[in-house]
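Breakdown of the fold
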Amino acid sequence: MPIYEFRCHKCGHRFEKLCPIGENGAKMQCPTCAAPAPNRVMSGFCASGTDSGSSCGSCSSSNCSGCGH
């Protein structure tokens, strides 16, 4: 099950919820103010583990003390 992010149309509270695929929030309520049907919003994400091994990219050294940067 994916984690979707929702935003309350009444109080603006943003929250995440583990939901079945395709959940649109129509049967949910805001956990802060209990307003019905929060809007599903696009979530940002951060990818980790994308480091190529070089500290700054200006050389092939894996350690900044090796190139002085």
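Before going into details, it helps to say that this report is about the structure given with it. Quantities reported herein were computed from a predicted structural model and do not represent experimental measurements.

What follows concerns the environment of Glu-16. Take Glu-16: it is sitting in strand E2 (residues 14-18). For Glu-16, a relative accessible area of 58% puts it in the exposed group. It is 9.3 Å that separates the C-alpha atoms of Glu-16 and Ser-43, two residues lying 27 residues apart in sequence.

Examined bridge by bridge, strand E1 (residues 3-7) and E2 share 5 bridges and lie antiparallel to one another. Considered in E2, the bridge of Arg-7 is made with Arg-14. Linking two consecutive strands that pair antiparallel, namely E1 and E2, is a turn of 6 residues; a positive phi of about 85° is found at Gly-12 within it.

Even without being a glycine, Ala-34 presents a positive backbone phi close to 65°. Note that Ala-34 resides in the loop between E2 and strand E3 (39-41). Using a relative accessible area of 41% as the deciding quantity, one classes Ala-34 as partly exposed. Phi at Ala-37 is positive, roughly 50°, even though this residue is not glycine. For Ala-37, a relative accessible area of 30% gives the class partly exposed.

Considering all chains together, one arrives at 1 salt bridge under this definition. For Glu-5, the salt bridge goes to Arg-14, with nearest N and O atoms at 2.8 Å. Under the relative-accessibility criterion, Arg-14 is labelled partly exposed at 44%.

Calculation criteria
Residues numbered from 1 in each chain as written. Predicted model: local features only at pLDDT ≥ 70, side-chain atom pairs only at ≥ 80, totals over all residues. Heavy atoms only, no water. Helix = DSSP H or I, 4+ residues; strand = E, 2+ residues; numbered from the N terminus. Buried < 20%, exposed > 50% of the residue type's maximum accessible area, 1.4 Å probe, protein only. Pairing = 2+ DSSP bridges. Salt bridge = Lys/Arg side-chain N within 4 Å of Asp/Glu carboxyl O.

None of the figures reported here should be taken as evidence of function without further support.
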